[in-house]
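Below are the chains, spelled out letter by letter.
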Amino acid sequence: MRKIIVIGAGPAGLTAAIYAARGNLSPLVIEGYQPGGQLMITTEIENYPGFKEGITGPDLMAQFRAQAERFGAEFLTADVNKVELAGDTKKVWVGDDLYEAQAIIISTGASANLLGVPNESRLMGRGVSACATCDGFFFRGKTICVVGGGDTAMEEANFLTRFANKVYIIHRRQGLRASKIMVDRVRQNPKIELILDTVVVDILGTELVEGVKLKNVQTNEMQDLPLEGVFVSIGHTPNTKLFVGQLDIDDKGYILTKTDKSQVTATNIAGVFACGDVQDSHYRQAITASGSGCAAALDAQHYLEKMA
Ligand code: NDP
């Protein structure tokens, strides 16, 4: 029986692990087969305090992980497939292996949304991507598009101009959700063209992407736009499937945590805490995820002290 199991290893889970390990709670971090969370598929992070020149997501996560390991956190690179959270002993399964703990910290984050148009899945990895950092390199000298109007879409479009000759940003409204500084950068980039009030109704191509079928939502006019890459950047869905039926979850799938100031990461089950993007639909920043990971470790520590 362990004191704490942390499920998920992005900024929230790794910060929780650092705090729990320094608190002598010897956490086991079940980090999943894609550890590091969404920062692994972002470009330069310019807004994480302490890194004046910026740092890449994978570098930042490697540092978090090494810091947690230094204080004795143990890591298991595997996916959790089942949990039983009720009662004093929390049960977590990885395949047939059962792990038990007195407290659980959930930091499973969120995953990229897809458009759901007919040929998107078929052409995934054949010109369709949800990760500019991973796949941008393959589009050297090509014409591509980024779908979405948020900060991620702007950041990815800018990043992709390092490789592509031309990047269209296709957004379903006239107004962009992204912050002004990101929009200004996009507008100043001569390789980027905005196509607004427009949705992608399908992706064209047999073996590889050859274009997108667009519809202007104001005029209903349809247009085929030839291009070779489609980067989907339309937000995220929290990874909470494992917990449905056990934890209170809102209508968008985010875990509900308490508003009580003394335990902001507590869920509806005693001894189960949630932090980071899995419970935050609003801020969704590495630094806020980290902060809530710290709070989760402290909340878990208080819970364990009371149980002792
Ligand atoms: P957002 O939820 O902010 O934006 C998603 C975008 O996708 C919106 O423009 C939305 O349109 C559009 N969209 C959603 N669903 C669909 C759909 N089915 N079809 C077409 N378009 C769709 O997500 P982001 O990933 O951009 O950003 C997440 C958070 O991370 C934000 O808080 C952001 O500020 C932050 N961030 C900060 C960065 C930085 O500071 N450097 C970099 C990257 C992200 P609509 O606007 O109409 O809803």
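All values reported here derive from a predicted model rather than from experimental measurement.

## Description of the overall build of the chain
Inference 1: When helices and strands are counted, the chain shows six helices and 19 strands.
Inference 2: In terms of overall size, the chain behaves like a compact globule, its C-alpha atoms giving a radius of gyration of 21 Å where 308 residues would be expected to give roughly 19 Å.
Inference 3: Projected onto the principal axes, the alpha-carbon positions of the chain cover approximately 65 × 40 × 35 Å.
Inference 4: With 308 residues in all, the chain has 47% of them scored as buried.
Inference 5: For the chain, the exposed surface amounts to about 15200 Å²; the carbon and sulfur share of it is 49%.
Inference 6: Distance between charge centres in the chain, computed from 30 positive and 35 negative side chains, equals 3 Å.

## Some details on the site of the ligand
Inference 1: Residues in close proximity to the ligand total 20 residues, the closest being Asp151, Thr152, Arg172, Arg173 and Arg177.
Inference 2: One of the side-chain N or O atoms of Asp151 is found 2.5 Å from an oxygen atom in the ligand.
Inference 3: One of the side-chain nitrogen or oxygen atoms of Arg284 is found 3.5 Å away from an oxygen atom of the ligand.
Inference 4: For the ligand, the protein covers 77% of the area, taking 920 Å² as the surface of the free molecule.
Inference 5: The biggest single contributor to the shell around the ligand is helix α4 (residues 151-160), with three residues.

## Overview of the environment of Gly32
Inference 1: Mapped onto the secondary structure, Gly32 falls in the loop between β2 (28-30) and β3 (44-45).
Inference 2: In this structure, the C-alpha to C-alpha distance between Gly32 and Ile269, residues 237 residues apart in sequence, is 23 Å.
Inference 3: Aside from chain neighbours lying at most four places away, what touches Gly32 is Leu76, Thr77, Ala78 and Asp79.

Reading the values: rules and limits
Residues numbered from 1 in each chain as written. Predicted model: local features only at pLDDT ≥ 70, side-chain atom pairs only at ≥ 80, totals over all residues. Heavy atoms only, no water. Helix = DSSP H or I, 4+ residues; strand = E, 2+ residues; numbered from the N terminus. Rg over C-alpha atoms; globule rule 2.2 N^0.38 Å. Buried < 20%, exposed > 50% of the residue type's maximum accessible area, 1.4 Å probe, protein only. Areas by Shrake-Rupley, 256 points an atom, 1.4 Å probe, with all protein chains shown as cover. Lys, Arg positive; Asp, Glu negative; His and termini not counted. Charge placed at Lys NZ, Arg CZ, Asp CG, Glu CD. Near = heavy atom within 4 Å. Polar contact = N/O pair within 3.5 Å; in protein donor to acceptor, adjacent residues only side chain to side chain. Contact = heavy atoms within 4.5 Å.

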